[in-house]
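A closer look at the structure
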Amino acid sequence: MENIQFTFFTLIFLLVGLFIIWFSLFGKKKDIDEMGFFLADNLIELIVGLAFTFSPAIIKRVLIFVFGFLWSLLFGILFIKSLSAYFN
């Protein structure tokens, strides 16, 4: 039962990553420009958040795409590993 739940949640997070990639490619420029980071916990998050907030839209699109790609890659690997448990 736990494996079914894990597989379901990894599939959901994989789809979220694919939606992030879709948004980076087809999102409106206005929506991309209005994105920003809030409430940084440490100095590194603050620097990355400020760099993201004040960068042009094309740089934001690239950063969002890379984030979505890495997110999808991570959960895609976990999803495939969780599916392999059914076939072994």
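Residues numbered from 1 in each chain as written. Predicted model: local features only at pLDDT ≥ 70, side-chain atom pairs only at ≥ 80, totals over all residues. Heavy atoms only, no water.

**Brief notes about the overall build of the chain**
Helix and strand content of the chain: four helices and zero strands. Expressed as a percentage of its 88 residues, the buried residues of the chain come to 26%. Long-range contacts, defined here as pairs at least 24 residues apart, represent 78% of the contacts in the chain between residues at least 6 apart. For the chain, the exposed area adds up to about 6,800 Å²; of that, 78% sits on carbon and sulfur atoms. Distance from the positive charge centre (6 side chains) to the negative charge centre (6 side chains) of the chain: 11 Å. (Helix = DSSP H or I, 4+ residues; strand = E, 2+ residues; numbered from the N terminus. Buried < 20%, exposed > 50% of the residue type's maximum accessible area, 1.4 Å probe, protein only. Contact = heavy atoms within 4.5 Å. Areas by Shrake-Rupley, 256 points an atom, 1.4 Å probe, with all protein chains shown as cover. Lys, Arg positive; Asp, Glu negative; His and termini not counted. Charge placed at Lys NZ, Arg CZ, Asp CG, Glu CD.)

**Concerning the nonpolar core**
Judged by nonpolar contacts, I20, F23, I32, F52, A57 and I64 together constitute the single largest core of six residues. With sequence-adjacent residues up to four places away left out, I64 is seen in contact with I20, S24, I32, M35 and F52. (Core = buried A, V, L, I, M, F, W, Y, C linked by side-chain atoms within 4.5 Å.)

**Here we look at the environment of E45**
Take E45: it is sitting in helix α3 (residues 43–53). Along the backbone, E45 and S82 are 37 residues apart, and their C-alpha atoms lie at a distance of 32 Å. Leave out the neighbours within four places in its chain, and E45 touches L39 and A40. A distance of 3.2 Å separates the side chain of E45 from the backbone nitrogen of D41, its partner in a polar contact. (Polar contact = N/O pair within 3.5 Å; in protein donor to acceptor, adjacent residues only side chain to side chain.)

**Regarding the pattern of salt bridges**
Counted according to the given criterion, the structure contains one salt bridge. The closest approach of N and O atoms between D33 and K29, which form a salt bridge, is 3.1 Å. You can see D33 and its partner K29 sitting in helix α2 (residues 29–33), four residues apart, about one turn around the helix. Residue K29 is classed as exposed on the basis of its relative accessible area of 53%. (Salt bridge = Lys/Arg side-chain N within 4 Å of Asp/Glu carboxyl O.)

**Quick word on the side chain of K60**
Looking at where K60 falls in the secondary structure, it is placed in helix α4 (residues 57–87). Of the side chains with opposite charge, D33 lies nearest to the buried K60, which makes no salt bridge, at 4.5 Å. At a separation of 3.0 Å, a polar atom in the side chain of K60 contacts the main-chain carbonyl oxygen of D33. If we skip the residues at most four places from it in the chain, K60 touches I32, D33, M35, F52, T53 and S55.

**Considering the packing of aromatic side chains**
The description of two aromatic rings rests on the distance between their centres and on the angle between their planes. Under the counting rule described, the total for this entry stands at seven aromatic pairs. Ring centres of W22 and F26 lie 6.1 Å apart, and the angle between their planes is 45°; this geometry places the pair in the tilted category. With W22 and F26 both in helix α1 (residues 2–26) and four residues apart, this pair spans about one turn of that helix. In this structure, K60 packs its charged tip against the face of F52, placed 5.6 Å from the ring centre. (Phe/Tyr/Trp six-rings, centres within 6.5 Å; stacked < 30°, edge-to-face > 60°. Lys NZ or Arg CZ within 6 Å of the ring centre and 35° of its normal.)

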